[in-house]
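# A structural walkthrough
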Amino acid sequence: MASPSLRGLPTLLAAVCLAVLGLDGMRRSPSQGLVDLLPPALADGSGGVSQVLEDRESALQRRRDAEVLLAQFVRGQMTRHYWGHFAASLEDLGLLTGEHLEARVERGDGYSRLWLMPRRGGEAFLADVRLRGDRLERRLCRGDASSAAQGPSLGCPAGWNEFAAEEISNTWN
């Protein structure tokens, strides 16, 4: 009689693990296993799958549109500054916001900022272009729309995330 070899040990361990998972699956009720896999919005039965997916798709589309607009704003303001001054509005840069975003441009001595607030949803965006010495710096931020109104004069509002312009240009162009 041959002794079990060490090469068969991984197969034996895999078989034992699969047997345990199978027994656990047979012990649970069929609906209990599915509820564990659903997002919280669906697990309580209050919304449909299609509504959750539609909301997620809409949020992703708003984020894409906003990030593309932010990148265009930054490039446009850097170009305009090269020619003497920052543009006072999106129209001066030839940009449009679309129907689901509200835009506000702030301009001062040596800086220009674009605030993008959603008409629906909770994520807002900020693009900041400013002159530091003889260099132009840019900063892009996203975060909760409710904290956007109290944004600082420099940098991202508290609790917001800064992201790189390269993320946008490499992903969306």
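Residues numbered from 1 in each chain as written. Predicted model: local features only at pLDDT ≥ 70, side-chain atom pairs only at ≥ 80, totals over all residues. Heavy atoms only, no water.

On to the overall build of the protein, then. The helix and strand tally for the protein stands at six helices and five strands. Each helix and strand of the protein, ordered N terminal to C terminal, gives the series α-α-α-α-α-β-β-β-β-β-α. Every one of the 173 residues in the protein was classed for burial, and the buried ones make up 26%. Long-range pairs, those at least 24 residues apart, make up 40% of the contacts in the protein with a sequence separation of at least 6. Within the structure as shown, the protein displays about 11,600 Å² of accessible surface, and the carbon and sulfur contribution to it stands at 56%. (Helix = DSSP H or I, 4+ residues; strand = E, 2+ residues; numbered from the N terminus. Buried < 20%, exposed > 50% of the residue type's maximum accessible area, 1.4 Å probe, protein only. Contact = heavy atoms within 4.5 Å. Areas by Shrake-Rupley, 256 points an atom, 1.4 Å probe, with all protein chains shown as cover.)

Our focus in this paragraph is the pairing of strand 1 (residues 101–108). When strand 1 meets strand 2 (residues 111–118), the two strands line up antiparallel, connected through eight bridges. Note that in strand 2 the partner of Arg107 across the bridge is Ser112. In sequence, strand 1 turns back onto strand 2 through a hairpin of two residues, with Gly110 there showing a positive phi of about 85 degrees. (Pairing = 2+ DSSP bridges.)

Glancing now at the sheet that holds strand 1. Strand order in the open sheet formed by five strands is 1-2-3-4-5, and the pairing between neighbours is antiparallel. Edge positions in the sheet fall to strand 1 and strand 5 (161–163), since each has one partner strand and no second. Put simply, the sheet's adjacent strands are angled 20 degrees from each other on average, direction ignored. On top of the sheet, helix 4 (residues 49–82) reaches strand 1, strand 2, strand 3 (123–132), strand 4 (135–144) and strand 5; it is set at about 15 degrees to strand 3, its chief contact. (Axes fitted to C-alpha atoms, helices over the stretch in contact; angles between N-to-C directions.)

Looking now at helix 1 (residues 9–27). Taking 1.5 Å of rise per residue, the 19 residues of helix 1 would be expected to cover 27 Å, and the 27 Å separating its terminal C-alpha atoms lies within 8% of that figure. Among the 19 residues in helix 1, zero count as buried, and that is only a small part of the element. (Expected span 1.5 Å × (residues − 1).)

In this model helix 4 runs 50 Å from its N-terminal to its C-terminal C-alpha over 34 residues, within 8% of the 50 Å that 1.5 Å per residue would give. Within helix 4, the full set of buried residues consists of Val52, Arg62, Ala66, Glu67, Leu69, Leu70, Ala71, Phe73, Val74, Gly76 and Gln77. Just downstream of helix 4, Gly84 is the residue with a positive phi angle, here 135 degrees.

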